[in-house]
Amino acid sequence: MIPFNKPYFTGKETQYIEDAVRKGKISGNGYYTQLCHDFFERRYGFNKCLLTTSCTDALEMAALLIDIKEGDEVIMPSYTFVSTANAFVLRGATIVFADSRADHPGMDEDSIERLITAKTKAIVPVHYAGVSCDMDKIMDLATAYHLYVIEDAAQAIDSFYTGKDGIKKPLGSIGHLAAFSFHETKNIISGEGGMLVVNDNQFAAKAEIIWEKGTNRSSFFRGEVDKYGWVAVGSSFLPSEIIAAFLWAQLENMDAIQQVRKLHWEHYNTALLNWARQNEIQLPLIPSYASNNGHMFYVVCQSIEQRQTIIEKLQRKKILSVFHYISLHSSSFYADKHTGGVLNQSDRYSNCLLRLPLFYELNPQQIIDAL
Ligand SMILES: *Cc1c(COP(=O)(O)O)cnc(C)c1O
């Protein structure tokens, strides 16, 4: 059986975990956490990074940081993972769902402005498949209407956006805040894991406090205060050193991992061109302003029936292909709360998008031959 995903281990993970144990400090914010923070801040110029136990946690921190309250509205795509919305719903927000683009499952940037009301507090763009949203359009709206932008960059590690100024910016560095995931289904993994990026420095000190259970423990350990205590609302969002040690082994090998994943992606994209044309299937789009990080290879079928036929054909050859999100506006939890009208494209991706296996040790030719 060829699985849909297979986590890749570099071989150094258990060695670094052993080292963390040997160092005798396995709670959070220690040696390996610092190595990971420094890596991201140096490599991508992120203002401040905080490892979390998931991307979900990082999004929950973001909702706390921008002080989401009952009745605030948050705009995001409907075609996304539940955590994108849940983090804000937990604080009482009303979610206003935007449709996806016709040429890409990411949110339709041109549909956002008409969704903005006096209650809108934030926009949460999701970089689907690691492919950037058109961030200039979103940041311009945020400036004009005084909104916060929180990038759901769960799938977007090591991916970039080149805006109208011609500068290539890493995803996660553009919004006021951003959230990454190191779940085992992502490019760089730690089992469960994530990271909050704080680009707007007004949130830096508060983020550290929320991260450390509402205390100023981080300042205390830097010697900035002589005792620490409860200073604000917070929770326990930081991962143990065991998780950070695992993550460090992955980060050391990031370039090799990314290179292999992108090669697999290109292999699919080139080899499936004729197949897609013959079957009227849509191949993934990488807009000129976006980069490809080899996170996901998906195709968009003409119909749910065509998708089912392909799934079954692959299954007979012991290959697991999977569809993706049920649009959140039609989920059992949110359907009766949704006020945003018809989201045709979002529904189309729910019915027609199919993801093919993509992992480090894959031979994509096996799937191509089976199609
Ligand atoms: C994976 C994912 C998440 C959640 O990440 P966790 O680390 O599992 O919490 C959130 N949003 C998107 C778009 C994702 O793909």
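Our subject is the structure listed above.
Residues numbered from 1 in each chain as written. Predicted model: local features only at pLDDT ≥ 70, side-chain atom pairs only at ≥ 80, totals over all residues. Heavy atoms only, no water.

(A) How the structure looks around the site of the ligand. Taken together, 15 residues surround the ligand, and among them Cys-55, Thr-56, Gln-155, Ser-181 and Lys-186 come closest. One nitrogen or oxygen atom from the side chain of Ser-181 is found 2.7 Å from an oxygen atom belonging to the ligand. In this structure, an oxygen atom belonging to the ligand sits 3.5 Å away from a main-chain N or O atom of Gly-193. Starting from 380 Å² of accessible surface for the ligand in isolation, the protein chains cover 93%. According to the grid-proximity analysis, the pocket containing the ligand is the second largest pocket. The residue makeup of the shell around the ligand, split by class, is five nonpolar, eight polar and two charged. (Near = heavy atom within 4 Å. Polar contact = N/O pair within 3.5 Å; in protein donor to acceptor, adjacent residues only side chain to side chain. Areas by Shrake-Rupley, 256 points an atom, 1.4 Å probe, with all protein chains shown as cover. 1 Å grid on protein atoms, 1.4 Å probe; cavity = no way out; pocket = protein on both sides within 12 Å on 5 of 7 lines; lining within 4 Å. Sits in = over half its atoms within 2 Å of the grid points. Nonpolar A, V, L, I, M, F, W, Y, C, P; charged D, E, K, R; others polar.)

(B) Quick peek at empty space enclosed by the protein. Across all of its chains, the model carries three cavities of 30 Å³ or more by this definition. In this structure, the largest cavity spans a volume of roughly 70 Å³. If you trace the largest cavity, you find 13 residues lining it, with Lys-6, Tyr-8, Lys-186, Asn-187 and Arg-261 closest to the centre. Class assignment for the residues of the lining of the largest cavity results in six nonpolar, three polar and four charged. Here the lining of the largest cavity gathers at least three residues from each of two domains, domain 1 (13-252) and domain 2 (254-370). Considering only enclosed or pocket space, the second largest cavity measures out at about 40 Å³ in volume. Lining the second largest cavity are Arg-101, His-104, Gly-106, Glu-109, Val-131, Ser-132, Cys-133, Pro-287 and Tyr-289. (Points joined across faces, edges and corners; volume = space filled by probe spheres on them. Domains from an automatic or database assignment.)

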